[in-house]
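Here are the chains, one letter per residue:
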Amino acid sequence: KYLGNFYFTLPRLFETPFKQKGGAYFVGGFTRERLDLLNALQPELAAAGIAADFNLRSKKMRNITIDGPGIRLTTISSSYEQNLEKVREATLLIDITAPCHEGLTLRFYEALCFQKKLITNNAAVRGYDFYHRDNIFIYGEDDLKALPDFLAKPYRELDPALVQKYAFDNWV
């Protein structure tokens, strides 16, 4: 069974100037696995001079230990448009697929749309036509010693026709 995905081309986002703030951005529902991975990833990024903006959403506040700066647990949700503003401002996106999920999240398509590098734990991305090792680092499979080199390399631009293939406008 195939369920495709896409990125949204909201005109007001593309017409509005923005300032690239840099850093790594994550937003997702709280799971212990996600927190553990973010706690492990944060110092690796800090060593490369990349600040974390990691946001775990939970329906209730939890009494948990958060190891690194820039990792937040919150009960406050933000709109998808607010999320896209954060995506635009970041230089790096983080995707942590929950064990119960299959396929790719919107984060992959947002990275494609906004030309952002991505760190993910979802190795299934290797089978997609937009996968490029200079743009997507697979945490847990790619050699962690190669992460600094990955972060130092510029984003590898993809064929515009390939990127457009995943635009919402192309699906309607």
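Residues numbered from 1 in each chain as written. Predicted model: local features only at pLDDT ≥ 70, side-chain atom pairs only at ≥ 80, totals over all residues. Heavy atoms only, no water.

Caption draft 1: Region of the structure containing the overall build of the protein chain. Scanning the protein chain from terminus to terminus reveals 7 helices and 6 strands. Listing each helix as α and each strand as β along the protein chain from the N terminus yields α-β-α-β-β-α-β-α-β-β-α-α-α. Counting over 172 residues, the protein chain shows a buried share of 44%. Expressed as a percentage of contacts within the protein chain between residues at least 6 apart in sequence, the contacts between residues at least 24 apart total 63%. Looking at the protein chain as shown, the accessible area adds up to about 9,700 Å², and 53% of this sits on carbon and sulfur atoms. (Helix = DSSP H or I, 4+ residues; strand = E, 2+ residues; numbered from the N terminus. Buried < 20%, exposed > 50% of the residue type's maximum accessible area, 1.4 Å probe, protein only. Contact = heavy atoms within 4.5 Å. Areas by Shrake-Rupley, 256 points an atom, 1.4 Å probe, with all protein chains shown as cover.)

Caption draft 2: How the structure looks around the packing of aromatic side chains. A complete count under the given rule lists 3 aromatic pairs for this structure. Aromatic side chains Y109 and F130 sit 5.8 Å apart centroid to centroid with 65 degrees between the ring planes, which places their arrangement in the edge-to-face category. Of this pair, Y109 sits in helix α4 (residues 106–114) while F130 sits in the loop between β5 (117–120) and β6 (136–138), and the two are 21 residues apart along the sequence. Judged by centre distance (5.6 Å) and plane angle (45 degrees), the rings of Y128 and F130 are tilted. Residue F130 is classed as buried on the basis of its relative accessible area of 3%. An aromatic cluster is present here, built from Y109, Y128 and F130 joined pairwise through their rings. For K117, the ring lying beneath its charged end belongs to F150, and the centroid distance is 4.1 Å. (Phe/Tyr/Trp six-rings, centres within 6.5 Å; stacked < 30°, edge-to-face > 60°. Lys NZ or Arg CZ within 6 Å of the ring centre and 35° of its normal.)

Caption draft 3: Structural view of the packing of helix α3 (residues 80–89) against α4. Interhelical geometry of α3 versus α4 gives an angle of 50 degrees and a closest axis separation of 11 Å. Regarding the angle of α3 to α4, the classification is oblique. Considering the relative orientation of α3 and α4, their crossing is right-handed. Along the contact surface, α3 presents Y80, N83, L84, V87 and R88, while α4 presents L106, R107, E110 and F114. In terms of residue class, the contact of α3 with α4 is built from 5 nonpolar, 1 polar and 3 charged. (Axes fitted to C-alpha atoms, helices over the stretch in contact; angles between N-to-C directions. Parallel < 35°, antiparallel > 145°, perpendicular 65-115°, else oblique. Left-handed = near helix turned anticlockwise from the far one by under 90°. Nonpolar A, V, L, I, M, F, W, Y, C, P; charged D, E, K, R; others polar.)

Caption draft 4: Summary view of the sheet that holds strand β4 (residues 92–95). The strand order across the open sheet formed by 6 strands is β3-β2-β1-β4-β5-β6, and the pairing between neighbours is parallel. Each of the sheet's edge strands pairs with one partner strand only, and the pair in question is β3 (71–74) and β6. Taking each pair of neighbouring strands and ignoring which way they run, the sheet shows an average axis angle of 20 degrees. Taken together, the 3 bridges between β5 and β6 define a ladder with parallel strand orientation. (Pairing = 2+ DSSP bridges.)

Caption draft 5: Structural detail: the pairing of strand β2 (residues 52–57). When you tally the buried positions in β2, you get 5 out of 6 residues, the bulk of the element. Where strand β1 (residues 24–29) meets β2, 6 bridges bridge the pair, whose relative direction is parallel. If you follow V27 over to β2, its bridge partner there is N55. In this fold, β1 hands off to helix α2 (residues 32–47), which returns the chain to β2; that crossover is right-handed. One ladder, built from 4 bridges, connects β2 with β3; its direction is parallel. Each residue of the ladder has a partner; that of R57, found in β3, is T74. (Right-handed = clockwise from strand over helix to strand, strands pointing away.)

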